[in-house]
Every structure is written in C-alpha cells, then in structure tokens.
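Notes for the structure review
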Amino acid sequence: MRLKIPSNFRIIRVPCTGKVDIIHILRAFEKGADGVYVVGCMEGDCHYNEGNFRARKRVEQAARILDKVGVGGDRVKMFNLSSGEGPLFAQYSIEMDNMIKKLGPSPIRVAKQNKKKQKAA
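Keep in mind that this is a model prediction, so the values were computed, not measured.

It is worth spelling out the overall build of the protein chain at this point. Counting secondary structure elements, the protein chain contains four helices and two strands. The principal-axis extents of the C-alpha atoms in the protein chain amount to approximately 55 × 30 × 20 Å. Buried residues in the protein chain amount to 33% of all 121 residues. Accessible surface computed for the protein chain: about 8,300 Å², of which carbon and sulfur atoms make up 52%.

Now the structure itself:
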C-alpha cells in the first residue's frame with residue numbers, strides 16, 4: 001500500500017524520538033521549515049524505555065521557545081503512533097500540512113527571503 005503524504009514533507013528517521021533534541025527542531029526552522037512534527041511510538045511502548053517521553057518534553061519546550069520569539073509554537077507538534085498505523089501517519093501529515101498552510105510561511109523563512117532580496121537589490 002502506497003501512502004499519500006504531502007510532497008513538501010521531509011522525513012528524517014532516527015533510531016528513537018528520544019534522540020530528537022530541541023536544537024534539531026529549531027534548526028529545521030532556521031533551514032526554512034514552516035513546521036515540524038515528530039512521530040514517536042506509543043507512550044509506554046518505547047523500545048528505549050522513555051525516549052518518547054523525552055521527545056514530547058522537548059517538543060513542548062521548542063513550542064514555548066517558538067512562541068517567545070514570535071514564530072508560533074503551534075508550528076511544532078508530536079504524535080504517537082505504532083508502526084502499523086501508516087494510514088494514520090499519512091492522515092496526520094496531511095492535517096499538519098493543512099494547519100501550516102493556514103498559518104502561512106514561517107516568519108524566519110520570510111525574514112531570510114527578504115534579506116536575500118535586499119542583498120540582490
């Protein structure tokens with residue numbers, strides 16, 4: 001079965017979501033992402049015991065930081081899925097894409113584009 005996810009998504013695989021650090025999330029925005037969502041195993045089912053709990057905490061911290069700097073914390077989310085829930089993964093990616101489209105481009109990306117235009121002029 002082939003899942004349909006938005007073509008603008010970039011999937012970055014990690015051994016465990018516990019390896020995702022705040023800096024990784026924030027760097028994605030710095031590199032031009034309009035939103036980030038982290039998908040980990042079901043809470044309590046982590047092969048590495050507490051990786052998904054650490055990831056959720058870091059996603060929440062990143063959201064607070066993004067709110068403070070004016071980017072918007074709702075641009076970053078965490079979902080918990082089992083490996084057999086591919087269709088739900090695709091559904092979440094479509095929902096996240098629609099939400100990000102409603103929010104518009106990331107203020108960081110807009111600022112970087114404006115800076116490039118000013119240099120070119």
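The subject of this paragraph is the UniProt feature "domain: F420-non-reducing hydrogenase iron-sulfur subunit D" (unreviewed entry) in the protein chain. Under the UniProt annotation, the feature "domain: F420-non-reducing hydrogenase iron-sulfur subunit D" (unreviewed entry) is placed at residues 2-104. Across residues 2-104 one finds 44% helix and 10% strand; the C-alpha atoms that close the span lie 28 Å apart.

Below, the discussion takes up helix 2 (residues 51-68). Helix length check: helix 2 (18 residues) gives 26 Å between terminal C-alpha atoms against 26 Å at 1.5 Å per residue, within 8%. Among the residues of helix 2, Gly51, Asn52, Ala55, Arg58, Val59, Ala62, Ala63 and Leu66 are the ones counted as buried. For helix 2, the arc enclosing every buried residue in end-on projection is 145°, short of the 170-degree limit, so these residues lie on one face. Turned more than 90 degrees away from the buried face of helix 2, the exposed residues are Lys57, Asp67 and Lys68. Positive backbone phi, at 85°, marks glycine 70, one or two positions downstream of helix 2.

Attention now moves to the pairing of strand 2 (residues 76-80). In terms of residue burial, strand 2 counts as a mostly covered element, since four of its five residues are buried. One ladder, built from five bridges, connects strand 1 (residues 36-40) with strand 2; its direction is parallel. By the bridge assignment, tyrosine 37 is partnered in strand 2 with lysine 77. With respect to chirality, the unit in which strand 1 leads through helix 2 into the neighbouring parallel strand 2 is right-handed.

Within the secondary structure, arginine 58 is located in helix 2. Within polar-contact distance, the side chain of arginine 58 engages the backbone oxygen of valine 20 at 3.2 Å. Once residues within four sequence positions are removed from consideration, arginine 58 is found in contact with Gly18, Lys19, Val20, Asp21, Ile22 and Ile25.

With respect to the helices, strands and loops of the structure, threonine 17 is situated in the segment before helix 1 (22-30). Judged by its relative accessible area of 8%, threonine 17 is buried. Dropping the residues within four chain positions of it, threonine 17 is found in contact with Val38, Val39, Gly40, Gly51, Asn52, Ala55 and Met78.

In total, this model carries four aromatic pairs according to the counting rule given. Summarising the aromatic geometry, the rings of tyrosine 37 and phenylalanine 79 are spaced 5.3 Å apart at their centres and angled 80° between planes, so their arrangement reads as edge-to-face. Highlighted residues: tyrosine 37 in strand 1 and phenylalanine 79 in strand 2, separated in sequence by 42 residues. Across the pair, phenylalanine 79 and tyrosine 37 agree in class, each one buried. Taking 4.3 Å as the distance between ring centres and 20° as the angle between the ring planes, the aromatic pair formed by phenylalanine 79 and tyrosine 92 counts as stacked. Here the residue phenylalanine 79 occupies a position in strand 2, and tyrosine 92 occupies one in helix 3 (residues 86-103), the gap between them amounting to 13 residues.

Thresholds, definitions, all that
Here the residue numbering is sequential within each chain, running from 1 through the sequence in written order. It should be noted that, the model being predicted, local features are given only for residues of pLDDT at least 70 and side-chain atom pairs only at 80 or more, the latter also being counted only at that level, while totals for whole chains, interfaces and linings use all residues. To get the side-chain values, all heavy atoms of the structure are used, and hydrogens and water are removed first. Numbered from the N terminus, helices here are DSSP runs of H or I no shorter than four residues, and strands are runs of E no shorter than two. Note on classification: 1.4 Å probe, protein chains only; a residue is buried when its accessible area is under 20% of the maximum for its type, exposed when over 50%, partly exposed between these limits. Calculation of accessible area relied on Shrake-Rupley with a 1.4 Å probe; when residues are assessed, cover is drawn exclusively from the protein chains displayed. UniProt positions are given in the numbering used here, feature names are shortened, and annotations may be inferred rather than shown by experiment. Expected span of a helix, by definition, is 1.5 Å for each gap between consecutive residues, and there is one gap fewer than residues. Regarding the arc, it is the one traced by the directions from the helix axis to the C-beta atoms. The rule for pairing is simple: two strands pair if DSSP sees at least two bridges between them. Call a crossover right-handed when, viewed with both strands pointing away from you, the route from the first strand across the helix to the second goes clockwise. The definition of a polar contact used here is a pair of N or O atoms within 3.5 Å, where within protein one atom must be able to donate a hydrogen and the other to accept one, and adjacent residues in sequence count solely through side-chain atom pairs. Throughout, a contact is declared for two residues whenever any of their heavy atoms are within 4.5 Å. Aromatic contacts are taken between Phe, Tyr and Trp rings whose centres are within 6.5 Å, Trp giving its six-membered ring; a plane angle under 30 degrees counts as stacked, one over 60 as edge-to-face, and the others as tilted.

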